[in-house]
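Breakdown of the fold
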Amino acid sequence: SSSSGDEALRDKRARILSRGLPKQKPIEGVKQVVVVASGKGGVGKSTTADILTIPSLVLIQTKEVGLLDADIYGPSIPKMMNLKGNPELTPKNLMRPLKNYGIACMSMGFLIEETAPVVWRGLMVMSAVEKLLRQVDWGQLDYLVIDMPPGTGDVQLSVSQNIPISGAVIVSTPQDVALLDAHKGAEMFRKVHVPVLGLVQNMSVFQCPKCKHETHIFGADGVRDLAKTLGLDILGDVPLHVNIRETCDSGQPVVISQPQSDA
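Remember, it's a predicted structure, so these values are computed and weren't measured experimentally. (Residues numbered from 1 in each chain as written. Predicted model: local features only at pLDDT ≥ 70, side-chain atom pairs only at ≥ 80, totals over all residues. Heavy atoms only, no water.)

1. Here's the deal with the environment of Gly219
By secondary structure assignment, the location of Gly219 is in the loop between β9 (214-215) and α7 (222-230). Remark: the alpha-carbon pair of Gly219 and Thr173, spanning 46 residues in sequence, is separated by 8.3 Å. (Helix = DSSP H or I, 4+ residues; strand = E, 2+ residues; numbered from the N terminus.)

Here is the structure:
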């Protein structure tokens, strides 16, 4: 009958709700996890994650830092960190991260051909993320920076609910369209009880290399206005500069290849 069917449905819902959220389990050997996220793709999130990890080593040389590329569909950390090859396996069948500039890195890009597309459904993506989190021998890390995929989907939710995260950094350009999604990203982390450390404004200003005239191509101070709305800090203001783009594309981040430059 209809009433018995409704009762069975209520019982099923009650059982599901009683399970609660997944129990958070730390990543073995990792003290602190920081995620770098964005609501929209193409705003420089991976570049920010890339240049965020290296100063951590340069400025605090006693710290061990790792970088996890959780963008399964579009991994870019291998190119930006100038790393190629397949991870070796430990006797415990764990993957060893590849290293460059003193940073341990793991990415889906190490496990597939460079030009091969990842044509997977959600469950396969979640399985891959779980392997990147749990089946890697990180050694002993003070900080693991996770480069998240854009958006507020399954990967973001799963990572946030399954491991303890010390904080999230939200990256956005000052453009109104990007700010809408950045706002959603910040609210998502708040809903899953992940502290938002602050915002990074990327591609904030372009300076003509010839006449030095400055142009706000994507708008001015949009991320600063969003930070005020959310009650958050601005952690950095990164210009739209050819040196930053060229050095990341060549796998020689500007903080290593041109440490004295304005960029």
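2. Re the pairing of strand β2 (residues 65-69)
Where burial is concerned, most of β2 is hidden: five out of the five residues are buried. Along β2, one buried face is formed by Val65, Leu67 and Asp69 and the opposite face, lined by Gly66 and Leu68, is buried too. Strand direction decides the pairing type here: β2 and strand β5 (residues 141-147), joined by five bridges, are parallel. Along β5, the bridge assignment pairs Gly66 with Leu144. (Buried < 20%, exposed > 50% of the residue type's maximum accessible area, 1.4 Å probe, protein only. Pairing = 2+ DSSP bridges.)

3. Describing the pattern of salt bridges
The tally for this structure, following the rule as stated, stands at seven salt bridges. Arg134 is the partner of Glu130 in a salt bridge, and the nearest nitrogen-oxygen pair spans 3.8 Å. Of this pair, Glu130 and Arg134 both sit in helix α4 (residues 122-134), separated by four residues, roughly a single helical turn. You can call Arg134 partly exposed: its relative accessible area is 24%. Across the pair Asp221 and Arg224 runs a salt bridge, and its minimum N-O distance is 3.6 Å. With relative accessibility at 37%, the residue Asp221 sits in the partly exposed group. Through salt bridges with shared partners, a single ionic network connects Asp221, Arg224 and Asp237. (Salt bridge = Lys/Arg side-chain N within 4 Å of Asp/Glu carboxyl O.)

4. Regarding the environment of Ile27
Its location among the elements puts Ile27 in the loop between α1 (2-19) and β1 (30-37). Along the primary structure Ile27 and Gln135 are separated by 108 residues, whereas in three dimensions their C-alpha atoms are 9.6 Å apart. Dropping the residues within four chain positions of it, Ile27 is found in contact with Leu133, Arg134, Trp138, Leu144 and Ile163. (Contact = heavy atoms within 4.5 Å.)

5. Describing the nonpolar core
One finds Trp138, Leu144, Ile146, Val159 and Phe189 to be the most contacted residues of the largest nonpolar core, which totals 63 residues. Discounting residues that sit within four places of it in the chain, Leu144 has contacts with Ile27, Val30, Gln32, Val33, Val34, Gly66, Leu67, Leu68 and Trp138. (Core = buried A, V, L, I, M, F, W, Y, C linked by side-chain atoms within 4.5 Å.)

6. Re helix α8 (residues 242-249)
Regarding α8, the residues found buried are Ile244, Thr247 and Cys248. Around the axis of α8, the buried residues are gathered within 100° of arc, so they sit on the same side. (Arc of directions from axis to C-beta.)

7. Some points on the packing of helix α6 (residues 176-191) against α7
With their axes 11 Å apart at the nearest point, α6 and α7 run at an angle of 30° to one another. Crossing geometry of α6 relative to α7 is assigned as right-handed. When α6 is examined against α7, the residues Leu179, Ala182, His183, Ala186, Glu187 and Arg190 are found in contact with a partner set consisting of Gly222, Val223, Leu226, Thr229 and Leu230. Class assignment for the residues of the contact of α6 with α7 results in six nonpolar, three polar and two charged. (Axes fitted to C-alpha atoms, helices over the stretch in contact; angles between N-to-C directions. Left-handed = near helix turned anticlockwise from the far one by under 90°. Nonpolar A, V, L, I, M, F, W, Y, C, P; charged D, E, K, R; others polar.)

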